[in-house]
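# Descriptive structure summary
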Amino acid sequence: MARRAEVGRFDGDFGRQINTGISHLADRIGLSEIDCQILGFAALLELHRCLAKLSSLAFGELDALWVAKVTATTLGEEPSAVQASLSTRGILCRSGLLCVERKQRSRLHAMFSLMPSLAGALMAGAEEIDALLDRSTPKAPAAGLTLADYPHLRAEVSLARRLLAATRHPGTNLLFHGPPGTGKTQLARALADVLERPLYQVPNEDDDDGPVTGSNRLRSFRLAQNVLARQPRALILFDEVEDVFPDRLGVSLGNSELTKGWMNDTLESNPVPTIWVCNGLSGFDEAYLRRFSQVVEVGLPPQPVRERMIRAHTRSLPVSRAWCQRASRHPHLSPALLRQAVDTLSRAGYRQGGRVESTLETLLNASLGAMGEEILPKPGSADQLRFHLAYLNADHDLKTLVQGVKCDPRARLCLYGPPGTGKSAFGAHLAHHLRRPLLVRRASDLLNPYVGGTEQQLATMFREAETARAVLVLDEADSFLRDRREARASWELTQTNEFLTQLEAFDGLFVASTNLFDALDGAALRRFDLKIRFDYLRPEQSWRLFRETLRQAGGQLSKPEPWRTRLAAMDRLTPGDFAVQLRRNRLTAEPMTPVRLLHHLAAEMALKTDTPARAVGFMANL
């Protein structure tokens, strides 16, 4: 310790180059005299290995307290002043220019962590310092979308505009989160464009085009806050912030531990309004979330918005309106995915209408498949049975029901009965008559193996339907509405409870279809306004469908009575059985005749038993 007390005092001169560089940096950021002295000392230790070795021999290993004392003695400053300058609240640390190791002892030069490339920039002069600051706070590119592309977020965007347009207030932070490709970054850029404010972004690559670690990106963000604090109209975009919030305990910053309290303080006091963007919130502690001025979930746009988006992106290509409408029915077709496919197609020089549509569909289906999503919906074909209410055998007047929901489209309907009786098709019929989008979900779309994942998917489903004012049809609803008294695991209860909570709050038209009505929870059934059974066809309905199927397939019916009599004996036919025959006819070279149609219908009916349909998804394992 005696050797540490015998340090000679420094005369304050770091050499002309470093002195000039530090002076310029101080003017740009607002460093005090003691901040400049400490920064110059740390730069000398990094630039001159002999000085670093000499300090190691003189002082050995130090802790953070002794670093402040040795630095103060070397520079001829008060230890308390040096300690304040080196604290996490000092501008050196707050700007990310210089950090001190606080968790373990080390050699003096290793206890200081300068911002990458800073020492060299100080030696090179003002021009290189400006270039370093510009690289740390680059201008964001112009937006590729406008606020008009976010009609489903009208209220959220309006509030965000008011917050960012208001007089600058410390701690203004907006968090945009949602699945990849939904336009979160574009929304941030569009807001800056409409407000006519310069938007700077935190870089995610270094000078060599390599990736930047989360800790260094956070240092760049802190530097940007200090550099841009003197520009009253500046905004900051911090994209892909998941690596900055890796867990709920804290984040590592350089060689120091950035505690939860430090991050909370940053969110409360940053001078430059910041838009943070991420794909998920799993790394965000609740304490962080409640400190954001506004949290906006930027989900996949509803179907009407998707259709308009598709038409806008494909305006320069010969793509039909029918194709755009069909593609828009895919719930996971994101703006980024579509934009990438259209750009690829344009670069490849495709111009012919048919080839453009098929190639665009191929590109999109390949990307959707790689992401684990279903491909785009197939176009309707001539082998589809035409829908008509007369084909449905329900225990409720469906025509009256259609008129009722047209007057007030708020209802919860439970449609139950054997497979193929037209339950889901009736839901689509309601959407058509209401001229509203149709949102269909199956249990397989919603069940998630992770804790809380299914509940989150259920909430998203109801929210998307409400935002799009869509008719929501849930197939296999029994997967979520089974009698809770028979539950064997806690997740079964939480899924059912979440479903019922969301259903209670849903202010639209909801249609649940199930083949397992007897297994449903009694409390769940009480939430439905109508429980409607869809049964097997009556004889006159079967006969009508028999004739319609023959007509669509090009078959002839010369003597109807024998066929009508034989058909009347088949008491367990459904519209789905007749639809199968049309598809079968397309796959075979055999012409459709009354004999063949009756034979195949009898075969379909023979496959049916009184055994309830097998459960799907997680329920299949119970």
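Bear in mind the structure is a predicted one, so any value in this text is a computation, not a measurement.

### Points about empty space enclosed by the protein
Throughout the structure, instances matching the rule amount to three cavities of 30 Å³ or more. There is about 90 Å³ of room inside the largest cavity. If you tally residues by element for the lining of the largest cavity, the top one is helix α16 (residues 303–313), at three residues. When the residues that make up the lining of the largest cavity are grouped by side-chain class, the tally is six nonpolar, two polar and two charged.

### Some words on the sheet that holds strand β3 (residues 173–177)
Spatial strand order, β4-β5-β8-β3-β9: five strands in an open sheet with parallel pairing. A single partner strand is all that each edge strand has here, and the edge strands are β4 (199–201) and β9 (294–297). When strand polarity is set aside, the average angle formed by the axes of neighbouring strands in this sheet is 20 degrees. Sheet topology places β3 next to β9; four bridges connect them, and they run parallel. Each bridged residue has a counterpart across the sheet, and for L174 the counterpart in β9 is Q294. Across the sheet, helix α11 (residues 154–165) touches β3, β5 (235–238), β8 (274–278) and β9, and the angle it forms with β9 is around 145 degrees.

### Digging into the sheet that holds strand β10 (residues 393–394)
Strand order in this open sheet of six strands is β10-β15-β11-β14-β13-β12, and the pairing throughout is mixed. Each edge of the open sheet carries a strand with a single partner, namely β10 and β12 (438–441). With four bridges connecting them, strand β11 (residues 411–416) and strand β15 (residues 530–535) associate as parallel partners. The residue bridging Y416 from the neighbouring strand is R533, located in β15. Of the strands in this sheet, β12, β13 (471–474) and β14 (509–514) touch helix α23 (residues 453–468), which is tilted by about 170 degrees from β12.

### Details of the nonpolar core
If you look at the biggest cluster of nonpolar residues, it comprises 64 residues, and the most contacted ones within it are L25, L31 and F112. By residue number, the principal contributor to this core is helix α3 (residues 33–47), which donates nine residues. When residues are assigned to domains, this core turns out to be shared by domain 1 (13–132) and domain 2 (137–246 + 257–297), each giving three or more. Apart from the residues lying within four places of it in its own chain, the contact partners of L31 are L25, A26, C36, L39, I91, L92 and L97. The next biggest cluster of nonpolar side chains, apart from the first, holds 26 residues, and it includes A443, L474, L503 and A524.

### Overview of the pairing of β12
Here β12 shows a clear split, with L439 and R441 buried on one side and none of L438 and V440 buried on the other. Relative to β13, β12 runs parallel, the two being bridged by four bridges. Across the sheet, the residue bridging to R441 is L474, located in β13.

### Notes on the side chain of R219
Within the secondary structure layout, R219 lies in helix α13 (residues 214–228). The side chain of R219 is buried and forms no salt bridge, while E46, the nearest opposite charge, is found at 8.3 Å. Polar side-chain contacts of R219 include one of 2.8 Å to the backbone oxygen of S113.

### Structural notes on the confidence of the model for the chain
Detailed reading of the predicted coordinates is not advisable wherever pLDDT falls low. With 89% of its residues at a pLDDT of 70 or more, the chain shows a mean pLDDT of 84. Low pLDDT, under 50, characterises residues 248–258; the stretch is placed with 34 contacts to residues that sit more than four places away or in other chains. Ignoring residues within four places in sequence, the model shows residues 611–622, a span with pLDDT below 50, making 21 contacts including any to other chains.

What counts, and at which threshold
- Residues numbered from 1 in each chain as written.
- Predicted model: local features only at pLDDT ≥ 70, side-chain atom pairs only at ≥ 80, totals over all residues.
- Heavy atoms only, no water.
- 1 Å grid on protein atoms, 1.4 Å probe; cavity = no way out; pocket = protein on both sides within 12 Å on 5 of 7 lines; lining within 4 Å.
- Points joined across faces, edges and corners; volume = space filled by probe spheres on them.
- Helix = DSSP H or I, 4+ residues; strand = E, 2+ residues; numbered from the N terminus.
- Nonpolar A, V, L, I, M, F, W, Y, C, P; charged D, E, K, R; others polar.
- Pairing = 2+ DSSP bridges.
- Axes fitted to C-alpha atoms, helices over the stretch in contact; angles between N-to-C directions.
- Contact = heavy atoms within 4.5 Å.
- Core = buried A, V, L, I, M, F, W, Y, C linked by side-chain atoms within 4.5 Å.
- Buried < 20%, exposed > 50% of the residue type's maximum accessible area, 1.4 Å probe, protein only.
- Domains from an automatic or database assignment.
- Lys, Arg positive; Asp, Glu negative; His and termini not counted.
- Salt bridge = Lys/Arg side-chain N within 4 Å of Asp/Glu carboxyl O.
- Polar contact = N/O pair within 3.5 Å; in protein donor to acceptor, adjacent residues only side chain to side chain.
- pLDDT = per-residue confidence, 0-100.

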